[in-house]
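Overview (structure and organization)
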Amino acid sequence: MAARPPFSSLRRWRSLPKLLTTGLLALLSATVLLVLLPASGLSSSGMSASPVAAADPVTVRVLMPAPLADAVAAPVAQFNASSPGVVLEVIRGPLDTETISDLATGSLLLGEVPFDLLLVDVSWLARYVAAGWFEPLERWFGPEVLAAMEAGARLGNGLDGHLWRMPLTGDTGLLYWRTDLMERPPRDTEELVAISRDLQRRGRVRWGYLWQGRQYEGLSCVMVEVLHGFGARWWNGSTARTELDSPEAVAAAQWLAALLQDGVSPQAVASYAENDALQSFAAGDAAFLRNWPYAWREIEKGGGPVKGKVGVTAMVGAPGEQGGGTLGTWGLSLIKGSPHPEEAVAAIRWLTGPVVQRQLAIEQGYAPTWSTLYDDPDLQRRAPLLTVQRQALQHPQLRPPTPAYAQLSDLLARQVNGMLTGQGGSGSTMAAAQRQSLQVLRSLAGPAGDTADGRPAVDR
Amino acid sequence: MKARTASLLLMAPALLLLAAVFLYPLLLYGWLSFQASSVLTGLEPVPNGGANWGRLLDDARFWTDAFQTLRFAVCSVALELVGGLGLALLLHRPLRGRGTLRALTLLPWALPTTVMALGWRWILNDPHGPLNAAIRFLGGSSYGFLSTPATTWFFVVLADVWKTLPFVGLLLLAGLQTIPEDLEEALRLEGAGRLQILRRLTLPLLVPYLALAVLFRLAQALGVFDLIQVLSGGGPAGSTESLALYAYLNAMRFLDFGYAATVMLATFLLLLVLVGGSWWLWRRGDLQGRREGAA
């Protein structure tokens, strides 16, 4: 017994794979038969939707992130009450911008789109247009419509000579400051750091400046502002290439790295998204905050220690440079192949119109796009950020308006977050980001990526 | 000869199907990985002279994900093997209600992954999940389990082990039942202890089943997608992202089908090397064992 080789009983097992294989093959053969046999019988019964009766109202569906969907609930009800024959239905999408884009992309790729209108973030537009998913809107909205909007709100809606999106909000990145700690907001990045360090030295506040340093698209929005503020640019529209390794771009990255090294910003900024930074600022931890307009409502609603002590200003740049906040607007686009474009456009007209924008400004703090709303004294009183928002809309910064933005943003945010967590200096970080960006463009565009013959930039 | 022709004919539909669902996509991926097929080319394939592969080599995200996927697979499969062996040994013993127990252990395996991942996400929710409620009940404060890379990773592995342990356990249990009881009895009569029996008899005879479990589970774990997509979305900051998730994002989020095919194919090659390598190692060990046995 003991002399029996330990593996001799494997012979019994050896039949297992054979058995498994035979079983699998039999199963697959059966599947083939099952698929082939009933196919002919099924094909006739599949698509037999009854023709819509003439009296039935047309349903127009629009997909939006849940908070915006809730915000427009009352105007949507108004629209439905006043337009017989059309039912506007809002599909509440996920909160996260990328998740809702994934959701929309999934339907659009499959070609069966359960919505007629999509609320589009400015950073998606180039990609969606390049994929051919939108219907141009200039048939319904002439140049005079956009001309009635603030300069910044007009950006990011057109591409290749067509209008693809009607803007609903005119949001930009803003600089929040504490009115109880300083007389006036800083005019440039140097003042911002100087005021922070002075306040920190005197023990008035723990941290100077809070922003979004997590490895995600929000960090790319910060980068757009800082790069512009230092006279650099991420994207060159005429060459369709990135310029991330310019001396100005390295200086911009260095400024961010120094904020952490010098303790003006906490190390935790490297893991902060919008809400983390907002919570910390609202708790009174810092003198400055970079965020979107919604943050002001949150601070005032929250009733925390800094309520009523917060001012808002346009994003600052380096001394001698014009600062500018990242454009973060939402707008409505018409899906190509929508069965009732006229009704859908009527919904766009209403939803992006002054009545809805007014309500969004009062209730949610979203910046309007129409110039007349900024001149409205009643609205100015009820939406105190209006003046600053208008000022910020004079010099907004677009994220690279290329269909490749998502990849470029991903790798820049990855590189810069690595720098913030001490994995490299500003020079090597930006050099790597530039190298990888060019690789991405080449791999995306084929030979065209080398000759830099990309698509024209949005509105540029 | 006739029987051979007949069997070939009978197998032909299955072989054709296999070619259609495995070989054809593989060849297509190979071709697509040398094309630019993205929004910049109007989603049409345009040859880009291997730029995708050059990009892959310098793509920090790909290599980070490769490492993370491998780490996930090795850790979860190792834990599943150890735990599954324990489970199998336990269920092999004559217990009262053994049948019911065996059926019960299969429950996690029977649950769809997305459902169980959603369940785990709820358990770990900060601050409303039951785990945080328990922590607060014990006097602690809520913890963002899914916003810290280390804890997120830990729970992704735990969820996977929790779900697939029964599968490994059942596979090994089947192996245990092929071991003749008289062998064990003979060893015991000659004075072998429990551990000795396990080491000298049970484990060697279980090797084929262990290898099968490793192959199945490794192939599955290296392609992990649904669990991570639902439980953590690959976050925080990409710290739990797997290669399959990255390939999915390239195709579905970035609309970059050329590069998505490259990532998928590279993943397949990595998997082939790993699974092929472990199979080769095992065979070598097996042959050696037999040669020693014959000597």
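Residues numbered from 1 in each chain as written. Chains lettered and ligands numbered in written order. Predicted model: local features only at pLDDT ≥ 70, side-chain atom pairs only at ≥ 80, totals over all residues. Heavy atoms only, no water.

Points about the packing of aromatic side chains
Short version of the rule: Pairs were defined over the aromatic rings of Phe, Tyr and Trp, the Trp ring being its six-membered one, requiring ring centres within 6.5 Å. Orientation was assigned from the angle between planes: stacked under 30 degrees, edge-to-face over 60, tilted for the rest. Between buried and exposed lies partly exposed: a residue is buried under 20% and exposed over 50% of the maximum accessible area for its type, with that area taken using a 1.4 Å probe on protein chains only. Note on conventions: DSSP H or I runs of at least 4 residues are helices, E runs of at least 2 residues are strands, and numbering of each starts at the N terminus.
Counted under the stated rule, the structure contains 18 aromatic pairs over all chains. Centre to centre, the rings of Tyr128(A) and Trp133(A) are 5.3 Å apart; their planes meet at 85 degrees, and the pair counts as edge-to-face. Under the relative-accessibility criterion, Trp133(A) is labelled buried at 9%. Centre to centre, the rings of Tyr246(B) and Tyr259(B) are 6.4 Å apart; their planes meet at 80 degrees, and the pair counts as edge-to-face. Within this pair, whereas Tyr246(B) is found in helix α12 (residues 243–253), its partner Tyr259(B) is found in helix α13 (residues 257–294), the two being separated by 13 residues in sequence. Judged by relative accessible area, which is 0%, Tyr259(B) ranks as buried.

Comments concerning the nonpolar core
Residue and element names in this part refer to chain A. Defined as follows: Working definition of a nonpolar core: buried Ala, Val, Leu, Ile, Met, Phe, Trp, Tyr and Cys residues. They are joined through side-chain atoms within 4.5 Å. Each domain's limits were defined by an automated method or a database of domain assignments. Pairs of residues are marked as contacts when any of their non-hydrogen atoms sit within 4.5 Å.
The biggest cluster of nonpolar side chains holds 73 residues, and the ones touching the most others in it are Tyr176, Tyr209, Trp211, Leu227, Trp255, Leu256 and Leu259. For this core, the domains that each give at least three residues are domain 1 (58–170 + 328–392) and domain 2 (174–326 + 399–451). If we skip the residues at most four places from it in the chain, tryptophan 211 touches Leu219, Val222, Leu256, Leu259, Leu260, Ser265, Val269, Tyr272, Ala277, Arg290 and Leu420.

What to know about the environment of Thr172(A)
All names here are of chain A. Tracing the chain through its elements places threonine 172 in the loop between β7 (166–167) and β8 (174–178). According to the relative accessible area criterion, threonine 172 is buried, its value standing at 2%. Once the C-alpha coordinates of threonine 172 and valine 205 are considered, the two residues, 33 residues apart in sequence, prove to be 27 Å apart.

As for the domain arrangement of chain A
All names here are of chain A. Selection rule: A simple way to read buried area is as the amount of 1.4 Å-probe accessible surface that goes missing from two parts once joined, with both sides added. For this analysis, a salt bridge means a side-chain nitrogen from Lys or Arg found within 4 Å of a carboxyl oxygen belonging to Asp or Glu. Whenever two N or O atoms come within 3.5 Å, that pair is a polar contact, provided that in protein one can donate a hydrogen and the other can accept it, and provided that, for residues adjacent in sequence, both atoms are side-chain atoms. Polar here means any residue outside two lists: the nonpolar Ala, Val, Leu, Ile, Met, Phe, Trp, Tyr, Cys and Pro, and the charged Asp, Glu, Lys and Arg; Gly therefore counts as polar.
Once the domains are mapped, chain A shows domain 1 (58–170 + 328–392) and domain 2 (174–326 + 399–451). If you look at the interface, domain 1 gives 21 residues, while domain 2 gives 17 residues. Buried area between domain 1 and domain 2, both sides added, is near 1,400 Å², and the carbon and sulfur share of it is 65%. Considering only the side of domain 1, the residues that lose the most area to domain 2 are Ser123, Leu385 and Val388, jointly responsible for 31% of the buried surface there. Connecting domain 1 to domain 2 are one salt bridge. For the salt bridge of aspartate 121 with arginine 399, the shortest nitrogen-to-oxygen distance reads 3.8 Å. Applying the counting rule to domain 1 against domain 2 returns three residue pairs in polar contact (both at pLDDT 80 or more). Classifying every residue of the side of domain 1 that touches domain 2 by side-chain character gives ten nonpolar, six polar and five charged.

A few points about the sheet that holds β8(A)
Residues and elements named next belong to chain A. Where we set the bar: Any two strands are treated as partners once DSSP identifies two or more bridges connecting them. Note on geometry: axes are lines fitted to C-alpha atoms, helical ones only across the stretch in contact, with angles between N-to-C directions running from 0 to 180 degrees.
Spatial ordering of the open sheet is given by β9-β12-β8-β13, a layout of four strands whose pairing is mixed. The sheet is open, and its two borders are formed by β9 (207–210) and β13 (310–314), each paired with just one other strand. Mean inter-strand twist for the sheet, computed between neighbouring axes without regard to direction, equals 20 degrees. By the bridge criterion, five bridges tie β8 to β13 in an arrangement that is antiparallel. Residue tyrosine 176 lies in a different strand from β13, and its bridge partner there is valine 312. Helix α8 (residues 189–201) rests against β8, β9 and β12 (286–291) of the sheet, and its axis sits at about 140 degrees to β9. Where helix α11 (residues 274–282) meets the sheet, its contacts fall on β8, β9, β12 and β13, and the angle it forms with β12 comes to roughly 155 degrees.

Details of the pairing of β8(A)
Residues and elements named next belong to chain A. Taking burial as the measure, the five residues of β8 include five buried ones, the bulk of the element. Here β8 runs beside β12; their pairing, made up of four bridges, is antiparallel. The partner of tyrosine 176 across the bridge, within β12, is leucine 289.

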